[in-house]
Amino acid sequence: LAGRPVAMLTPARCPAVAPCRASWVTFRRVRRNAGQARAARRSPVAVAVPVSIHKMDEDASAPTVIRAPPGSRIYFAYGSNVNTKTFTGTRGIVPAASYPVVLRGYRLVFNVPGLPFVEPAFASVKKVSRDVDAQKKENTTNEDEFDVYENETHGVAYVVTETQWKAILRSETSYVCEDVVGEVYTSYQSEKTMIEATTLTFPDVDVGGVTLLPSRRYLDLLKEGASEWTLDAGWVNYLTRKVQAYDSNLTPGKAAGAAVAAMSFAPLVLSAAPFVAAAAAAKAFEKTANSFDTNSTENISEEIVEAAVAEGFRTLGTVTWRVHNVLWAPLFGSGGNNDE
């Protein structure tokens, strides 16, 4: 602050002396913040903010790399959070900067189990094994136009505060943080630029071998977000033509199954509560024991709670899909995909 005039706390600025003026200033600030949120939802753009930009090595021809500034995180989103209707509208998060990014070596998957017949699955990303990738190329005689998207994921990297990052983690229960390096779209940078970010992955859950599809509502959010950010045209086509959505109206049985699943969800949660609680307690115990082994005490209470909640959520998913496989599927057909 050296060299800058310091604003004195005059009566006009003091809420105790001028409450009406203070209320009006607060009102204008709230209106301004709301306007910023609406603007972000209307026109997503990459906003220039102070970020840490470095060369990846001493070679002048090497690509630059963007890193999060102190006190911030860069979050790579690929699912419904790409859509500002969800990220800014529903979650209320206005990022400091946003970059359309391609993350190579990861493919989009729908392995996060939801409610059968209603919201069967949500998105995650999975690292592609190089051996598997090479084998696929060898076995492919007629290359499909969408094959490239089995090995890369397109999305948006958001620069967010630590507080916003914690809010994101709370909304994405059971996901696991993974550090990644993506490439910023050339339309947003004049030269090749990489970006270091954290994305969220989801470990596979036992759903009895059922292939899970996203609901049409959920998939539409991904397609809208991709179009909104003008992501790669091939990626938009991939989401539109290659990724299949679950059709709850395909048969009368599926429609009936959706009604039964919705009505049964609360009783199912209560019935699964002992299993969920046991799994959460076991995970909390494991996390506590590991903290003593590593002599790590910083934020350990918060980490234990997060780990327990995540394990409980995964256990609930397993129980729900076992009920589906044993009771609902034989009566109504699959609640995870379009098989009858």
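Thresholds, definitions, all that
- Sequence order as written defines the numbering, with residues in each chain counted from 1.
- Where local features are concerned, this predicted model is filtered to residues with pLDDT of at least 70; where side-chain atom pairs are given and counted, the filter is 80 or more; whole-chain, interface and lining totals use all residues.
- For the side-chain quantities, the full set of heavy atoms in the structure was used; hydrogens and water were omitted.
- Put simply, DSSP H or I for four residues or longer makes a helix, DSSP E for two residues or longer makes a strand, and each gets a number counted from the N terminus.
- Under the scheme applied here, a residue whose accessible area is under 20% of the maximum for its type counts as buried, over 50% as exposed, and between as partly exposed, the area being computed with a 1.4 Å probe on protein chains only.
- Note on contacts: a residue pair is in contact if any heavy atoms of the two residues lie within 4.5 Å.
- Each salt bridge in this description consists of a side-chain nitrogen of Lys or Arg and a carboxyl oxygen of Asp or Glu lying within 4 Å of one another.
- N or O atoms closer than or at 3.5 Å make up a polar contact, with two conditions inside protein: a donor-capable atom paired with an acceptor-capable one, and, for residues adjacent in sequence, both atoms drawn from side chains.
- Each residue gets a pLDDT score, which is the predictor's confidence in that residue and runs from 0 to 100.
- For this analysis, a ring pair means two rings from Phe, Tyr or Trp (six-membered ring only for Trp) whose centres lie within 6.5 Å, classed as stacked if their planes differ by under 30 degrees, edge-to-face if by over 60, and tilted for the remaining angles.
- Interaxial angle, 0 to 180 degrees, is taken between N-to-C directions of lines fitted to C-alpha atoms, where a helix line uses only the stretch in contact.
- Should an angle lie under 35 degrees it is considered roughly parallel, over 145 roughly antiparallel, and from 65 to 115 roughly perpendicular; all remaining angles are considered oblique.
- Handedness of a crossing follows from how the near helix is turned relative to the far one, being left-handed for an anticlockwise turn of less than a right angle and right-handed for a clockwise one.
- The residue classification treats Ala, Val, Leu, Ile, Met, Phe, Trp, Tyr, Cys and Pro as nonpolar and Asp, Glu, Lys and Arg as charged. All others, Gly included, are polar.
- Comment: arc refers to directions from the helix axis out to C-beta atoms.

Within the protein chain one finds eight helices and nine strands. Within the protein chain, the proportion of its 340 residues that are buried is 42%. A separation of at least 24 residues holds for 74% of the contacts in the protein chain among residues at least 6 apart in sequence.

Quick look at the pattern of salt bridges now. Tallied over the entire structure, the rule returns eleven salt bridges. For lysine 126, the salt bridge identified is with aspartate 204, shortest N-O distance 2.9 Å. With lysine 126 in strand S6 (residues 119-127) and aspartate 204 in the loop between strand S9 (193-201) and helix H5 (216-228), this residue pair connects regions lying 78 residues apart in the sequence. Given the relative accessible area of 28%, lysine 126 is considered partly exposed. In this structure aspartate 204 comes out as exposed when scored by relative accessible area, which is 54%. Connected via shared salt-bridge partners are Arg104, Glu152 and Glu183.

On to helix H6 (residues 233-242), then. Every buried residue belonging to H6 is among Gly234, Trp235, Val236, Tyr238 and Leu239, and all of these are buried. Packed against the buried residues of H6 are strand S5 (106-115), strand S7 (152-161) and H5. The N-cap of H6, judged by a side-chain oxygen 3.1 Å from the amide nitrogen of glycine 234 a few residues on, is aspartate 232.

We now examine the confidence of the model for the protein chain. With 73% of its residues at a pLDDT of 70 or more, the protein chain shows a mean pLDDT of 80. Contacts from residues 36-43, a stretch scored under 50 in pLDDT, to residues over four places away or in other chains number nine contacts.

The next point concerns the packing of aromatic side chains. Enumeration according to the criterion identifies 14 aromatic pairs in this entry. Plain terms: the ring middles of tyrosine 75 and phenylalanine 87 are 6.1 Å apart, the flat faces sit at 35° to each other, and that makes the pair tilted. With tyrosine 75 in strand S3 (residues 72-77) and phenylalanine 87 in helix H2 (residues 84-90), this residue pair connects regions lying twelve residues apart in the sequence. Neither tyrosine 75 nor phenylalanine 87 differs from the other in exposure class; each is buried. Ring geometry for tyrosine 149 and tryptophan 235: centres 5.7 Å apart, planes at 65°, overall edge-to-face. Within this pair, whereas tyrosine 149 is found in the loop between helix H3 (130-139) and S7, its partner tryptophan 235 is found in helix H6, the two being separated by 86 residues in sequence. On the basis of relative accessible area, tryptophan 235 is assigned to the buried category, the value being 1%. Taken together, the ring pairs in this structure connect Tyr75, Phe87, Tyr158, Trp165 and Trp229 into an aromatic cluster.

This next bit is on the packing of H5 against H6. Where H5 contacts H6, the two axes come as close as 10 Å, and the packing angle between them is 165°. Taken together, the axes of H5 and H6 are roughly antiparallel relative to one another. Note that H5 runs across H6; the crossing there is left-handed. Contacts between H5 and H6 pair Leu219, Leu222, Lys223, Ala226 and Ser227 from the former with Trp235, Val236, Leu239 and Thr240 from the latter. In terms of residue class, the contact of H5 with H6 is built from six nonpolar, two polar and one charged.

Right, let's talk about the environment of alanine 261 for a bit. Note on placement: alanine 261 falls in helix H7 (residues 252-294). Here alanine 261 falls in the buried class, since its relative accessible area comes to 0%. Once the C-alpha coordinates of alanine 261 and phenylalanine 117 are considered, the two residues, 144 residues apart in sequence, prove to be 6.9 Å apart. Those residues in contact with alanine 261 that lie beyond four places of it in its chain are Leu115, Pro116, Phe117 and Trp328.

For helix H4 (residues 162-171), the complete set of buried residues consists of Gln164, Trp165 and Ile168. Here the buried residues of H4 occupy an arc of 105° about the axis, which is enough to place them on one side. Exposed residues on H4 whose side chains face more than 90 degrees from its buried face are Thr163 and Arg170. Residues of H4 that are buried make contact with S3, H2, S7, strand S8 (176-184) and S9.

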